[in-house]
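Architecture at a glance
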Amino acid sequence: MEKLLMTPGPTNVPERVLNKMKENMIHHRTSEYSKIFRELNERLKFVFQTNSNVLTFPSAGTGALEASIINCFNTGDKVLAISIGDFGDRFIKIAKIYGLNVDEIRIPWGKAVSLGEIQDKLKEDHKGVIITHNETSTGAVNPIKEIGEFLKNKNLIYIVDAVSSLGAIDIQMDNWNIDVLATASQKALMCPPGLAFIGLSPKAIDYCKASKMPKFYFDFLEGIKYMEKSEPQNPYTPAVSLISAANEAITMIEEEGLQNVFLRHKVLAEKFRGEIKGMGLKLFTDERVLSNAITAISLDNGNGDEIKSRLEKEYNIVVAGGQGATKGKMIRVGHMGYVDDYMIDRTLDAIRKVI
Ligand SMILES: *Cc1c(COP(=O)(O)O)cnc(C)c1O
């Protein structure tokens, strides 16, 4: 049976998108390239739900997080960062490495932060709020909209890591007052790994102008400058094949309809969770904040790695294990991006047999 990648990235890539990767190179200083790059930017605005430009860099998602810090801040700037799991921790680590003065809110794994906790900790001199949308290590989703409404008109920028949610769970950059929205190609956006996408609000661009942190390749303002040419380009050689693939993948999202894509994720996630509970298995995550992109299943007896390896060897289905303290005590099943009923059923059937 064909291999199923039920991991939280990389995810299954549709044939249509793979075919784009096979096309011969085009030169990146030609109108032919500019046309594709312009189309991709417009399509990215559509999935980011923004009127602002969305930058594309050849990088993993982590590069987008790092680039956000070095472009928007100065050493010593005070920020409030919220971690509800491993990826929240990573963002805090990056901010600290660059000398930001980080006030942290750390929430026990499996839960989400509440608006009240942010209201309690937010201070006048915080220049940014940094948060994860969908915490991929735990399957919990933070209340990005409510926080964005509270932060509106405050003297700071709102930075959201949506690497595992954008394209699976609704996130509205403009309506929810998000200033920096970061994601990557290989999760819900149905592409191979290798591209990072960063939406920047006009306010975020002002923060970039005030930032004196050293940077060269990952300079957002340079990226914007080249994007705003009459024939949009990138400052340096772009990942042409991946850009073409991403353009195709988001065309597929356009064709399906963004709301339909979110609904498909919701229906499949609910079915998956329901059946998992029906098998007597326990979800790791607080029922009130469950993710429609990934399900974390608790295996307190520590046989998570064994189940994971049997699913792969016997059923050709790849799932992820636990990260950090949950290693061995969890499996995480990604149901994001190019996922359908057949994939969910095959995964459920295999889990049922293995346990
Ligand atoms: C996967 C992921 C990242 C890191 O992405 P890479 O492409 O592996 O660097 C960051 N944040 C979240 C929430 C993720 O799911």
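Predicted, not measured: the structure shown is a model, and the values here were computed from it.

1. Let's talk about the sheet that holds strand S2 (residues 54-58)
Strand order in the open sheet formed by seven strands is S2-S10-S9-S8-S5-S3-S4, with mixed pairing between adjacent strands. At either margin of the open sheet sits one strand with a lone partner, and together these are S2 and strand S4 (101-106). Neighbour-to-neighbour, the strand axes of the sheet open up by a mean angle of 20°, direction not taken into account. The pairing of strand S8 (residues 157-161) with strand S9 (residues 180-184) spans three bridges and is parallel.

2. Some thoughts on the sheet that holds strand S11 (residues 282-283)
Within a sheet, adjacent strands bond to each other through the backbone by hydrogen bonds, running parallel or antiparallel. One open sheet accounts for four strands, arranged S11-S12-S15-S14; its pairing is antiparallel. Sheet topology places S11 and strand S14 (320-321) at the edges, where each strand pairs with a single neighbour. Inspection of the sheet shows S14 paired to strand S15 (residues 330-334) by two bridges, in the antiparallel sense. Bridging across to S15, Ala320 finds its partner in Arg332. Along the sheet face, helix H11 (residues 304-315) touches S14 and S15 and points at about 40° away from the line of S15.

3. Focus: the packing of helix H10 (residues 258-278) against helix H12 (residues 341-354)
The contact between H10 and H12 brings their axes to 10 Å, and the two run at 15°. Here H12 runs roughly parallel to H10, going by the angle between their axes. Considering only the axes of H10 and H12, their crossing is right-handed. From H10, Leu268, Lys271, Phe272, Glu275 and Ile276 reach across to H12, where they touch Asp341, Ile344, Asp345, Thr347, Leu348, Ile351 and Arg352. Class assignment for the residues of the contact of H10 with H12 results in six nonpolar, one polar and five charged.

4. Details of the site of the ligand
Around the ligand, 13 residues are found, and the nearest of them are Gly61, Thr62, Thr136, Asp161 and Lys187. The separation between an oxygen atom of the ligand and a polar side-chain atom of Gln186 is 2.8 Å. Between Lys187 and the ligand, the recorded distance is 2.7 Å, taken from a side-chain N or O atom to an oxygen atom. Protein contact buries 89% of the 380 Å² of open area that the ligand shows by itself. Secondary structure elements with two or more residues in the shell around the ligand: helix H3 (61-72) and helix H4 (86-97). Taken together, the residues of the shell around the ligand sort by class into three nonpolar, seven polar and three charged.

5. Here's the deal with H12
Between its terminal C-alpha atoms H12 stretches 20 Å, which fits the 20 Å expected from 14 residues at 1.5 Å a residue. All of the buried residues along H12 are Met343, Ile344, Arg346, Thr347, Leu348, Ala350, Ile351 and Val354. Turning to H12, the residues buried within the fold contact strand S1 (4-5), H10, H11, strand S13 (317-318) and S15.

6. Considerations on the pattern of salt bridges
The final tally for this structure, using the stated rule, is 27 salt bridges. For Lys277, the salt bridge identified is with Glu287, shortest N-O distance 3.2 Å. Within this pair, whereas Lys277 is found in helix H10, its partner Glu287 is found in the loop between S11 and strand S12 (294-298), the two being separated by 10 residues in sequence. Since its relative accessible area comes to 47%, Glu287 is described here as partly exposed.

7. Re the domain arrangement of the protein
Domain parsing of the protein yields domain 1 (4-10 + 258-354) and domain 2 (15-255). A straight line from the C-alpha centre of domain 1 to that of domain 2 covers 26 Å. Taken together, the contact between domain 1 and domain 2 spans 24 residues of the former and 28 residues of the latter. For the pair domain 1 and domain 2, the two sides together bury roughly 2,200 Å², of which 65% comes from carbon and sulfur. The largest per-residue losses of area from domain 1 upon contact with domain 2 belong to Leu258, Phe262 and Gln323, which jointly make up 27% of the total buried on that side.

Scoring rules and cut-offs
Residues numbered from 1 in each chain as written. Predicted model: local features only at pLDDT ≥ 70, side-chain atom pairs only at ≥ 80, totals over all residues. Heavy atoms only, no water. Pairing = 2+ DSSP bridges. Helix = DSSP H or I, 4+ residues; strand = E, 2+ residues; numbered from the N terminus. Axes fitted to C-alpha atoms, helices over the stretch in contact; angles between N-to-C directions. Contact = heavy atoms within 4.5 Å. Parallel < 35°, antiparallel > 145°, perpendicular 65-115°, else oblique. Left-handed = near helix turned anticlockwise from the far one by under 90°. Nonpolar A, V, L, I, M, F, W, Y, C, P; charged D, E, K, R; others polar. Near = heavy atom within 4 Å. Polar contact = N/O pair within 3.5 Å; in protein donor to acceptor, adjacent residues only side chain to side chain. Areas by Shrake-Rupley, 256 points an atom, 1.4 Å probe, with all protein chains shown as cover. Expected span 1.5 Å × (residues − 1). Buried < 20%, exposed > 50% of the residue type's maximum accessible area, 1.4 Å probe, protein only. Salt bridge = Lys/Arg side-chain N within 4 Å of Asp/Glu carboxyl O. Domains from an automatic or database assignment. Buried area = accessible area lost by both parts, 1.4 Å probe.

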